[in-house]
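For reference, the chains in residue letters:
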Amino acid sequence: MAKGDVARHRAKQRDARPDQYRRSRDHQSVDAARREKSLNGDPAVNISVFEAARFELIYNSGGRVSARHFQDITLGAGLRWSALQSGKTPLPTSPILRINLKAEKGSSTLKRLFFFSACLAIALALILNWASGQQMFEGQLEIVHFKAPELPPPALINSPPPMNAAGPQAPQQPLQPGAGPGIPPPQPAPDSQPAPSFGSNGITWINSSPLTMKKLRGKVVLIDFWEYTCINCIRTLDTNKKWYARYRSDGFVIIGVHDPEFSIAFSVANARKAIERFKLTYPIVVDDDRVIWNEYHSDSWPNRFLIDANGYVRYHRSGEGGDSAFEHAIQQLLEQAHPGLKFTADAVPPPEDDFSPGCGIPTGEMYVGDWYGRGVLANPEGYHDGQTVNYKLPTTVDDGRVVLAGRWESVADGLVYRGKKGASGSELEMRYHARELYAVINVSRGHPERLYVTQDGQDLTKQDAGVDVQFDSQGHSYIEARAPRMYYVVSNPAFGSHTLALKPTAPGITIDSFTFGNNCQTDFSHL
């Protein structure tokens, strides 16, 4: 039969049996999805045709028909179907399951009923499996599915920026932090690019030769955006190190992407010293031009993305917390990548809520400088960027606010003491409520300088002092600021409200910010 005759013959058969060939608009859209790859790049949906009946299992998320990995399962009586791999690839958030059953010519009522019941049972199992996975990650991780951006190659552009250089330009509109339910906001990000005055090292790899997502195919990868002065990030480092040691041999990789917040963090040398101090051995890329940051549309520190062995981002978390759910997700993706690999249920510690009201809700981060309009200075003299002002100390200070006495200069990130060496009467005073207090401090030209510390008008005791506090021969508590970093200032035995004063001894000491910890945020390495 000629080709044209075959086409005419099939058309006559279709006209003779219109019900068998009739398609709804929904089916037409699914047909199109079969012919083309879905938006996430997976193979087109496979619809099986059976001897007795035909059904279609379709799931739709956000109005987009998506395809996943399918497998044939024997139901009995010669019937087969294509189903999602239960337990291998979780369904996306809020899927809509739909089963369409059509009887073929000559099929019996018994076979149709049997097949319909089997389909309903399978659909119910899929929904329950999806729901159990959702419950595990609900409120902890964002379930996503997009191709991981390729990591850019190294590109040495200029030398590191000078200390206390102008910071990144302010965004047109403040970025919103991405904290989940019940989670305090992570440190919000400034604009996605440094100011033109900044030199940039572009992409600098530490602890590793340059990596690419292509090279990492087959690995489960955690991309962790962090910054070495960020306490929210520092509190996650112990967990990162534990995961890297536990799962590295199974094909797990962590890539710490260091993106600067304050001016001091644009220096690769400063970042490298911090990496050594924190004893981080996994690959880290210093992204001081925020190339990788922009690719992931990151807007906070810390910000973590978990990538499967096929190169797709599957889970995301902005801010601290969710460690138990993250570890379950790591195990899940490793088991998918290596079918013979199985982890025991007790390998993951139970979830903990370090942000519950019972832990205490501390004062929010305090930006000492006029940081994109978020500065906490309460002196009536206010900020005068680039100028030195002789401030008069007010009689009171409110919680979450800073007041000054003496000569201080406003810079992009903080306030620089400009008084004479050894002069008395100059100080920075602030009020807060928390258990632990941390301060980001810089020193002019790297010269070590003392910064005396009092709490509620008294020297700190050894029971109240942070690990960076020392005591002179008269028992006065102080910090010796040597390097531009975050310092551990106060570690009280209990949560409470206090007034803290920092008294500089030499010009050039810069105070950038204060951050805090509650009763449940003390169990981490204070390095």
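Bear in mind that the values here come from a model prediction, so they are computed numbers and not experimental data. (Residues numbered from 1 in each chain as written. Predicted model: local features only at pLDDT ≥ 70, side-chain atom pairs only at ≥ 80, totals over all residues. Heavy atoms only, no water.)

### Notes on the overall build of the chain
Across its full length, the chain carries eight helices and 25 strands. Relative to its 527 residues, the chain shows a buried fraction of 50%. Of the contacts made within the chain by residues no fewer than 6 positions apart, 75% connect residues no fewer than 24 positions apart. Accessible surface computed for the chain: about 24,200 Å², of which carbon and sulfur atoms make up 52%. (Helix = DSSP H or I, 4+ residues; strand = E, 2+ residues; numbered from the N terminus. Buried < 20%, exposed > 50% of the residue type's maximum accessible area, 1.4 Å probe, protein only. Contact = heavy atoms within 4.5 Å. Areas by Shrake-Rupley, 256 points an atom, 1.4 Å probe, with all protein chains shown as cover.)

### A word on helix α8 (residues 323-337)
Over its 15 residues, α8 runs 21 Å from end to end, which matches the ideal 21 Å to within 8%, given 1.5 Å per residue. Every buried residue belonging to α8 is among S324, A325, F326, E327, A329, I330, Q331, L333 and L334, and all of these are buried. (Expected span 1.5 Å × (residues − 1).)

### Details of the state of the cysteines
Within the structure shown, the criterion is met by one disulfide. Across the disulfide, C359 is cross-linked to C520 (sulfur-sulfur distance 2.0 Å). Linking C359 and C520, the disulfide has an S-S dihedral of approximately -90 degrees and is accordingly described as left-handed. Remark: C520 occurs in the segment after β25 (510-517) and C359 occurs in the loop between α8 and β15 (366-367); sequence separation between them is 161 residues. (Disulfide = S-S within 2.5 Å.)

### Points about helix α6 (residues 268-277)
Along α6, the residues that are buried comprise V268, N270, A271, A274 and I275. Projected down its long axis, α6 carries its buried residues within an arc of 160 degrees, all on one side. More than 90 degrees from the buried face of α6, the exposed residues found are K273 and E276. Contacts from the buried residues of α6 go to β8 (204-206), β9 (220-226), β10 (252-258) and β11 (284-286). (Arc of directions from axis to C-beta.)

### Digging into the packing of helix α5 (residues 231-247) against α8
Relative orientation of the contacting elements α5 and α8 amounts to 25 degrees, with a least axis distance of 12 Å. Comparing their axes, α8 and α5 come out roughly parallel. Crossing geometry of α5 relative to α8 is assigned as right-handed. On α8, the residues that touch T239, K242, W243, R246 and Y247 of α5 are D323, F326, E327, I330, Q331 and L334. The residue inventory of the contact of α5 with α8, partitioned by class, reads five nonpolar, two polar and four charged. (Axes fitted to C-alpha atoms, helices over the stretch in contact; angles between N-to-C directions. Parallel < 35°, antiparallel > 145°, perpendicular 65-115°, else oblique. Left-handed = near helix turned anticlockwise from the far one by under 90°. Nonpolar A, V, L, I, M, F, W, Y, C, P; charged D, E, K, R; others polar.)

Nothing here speaks to function; it is geometry throughout.
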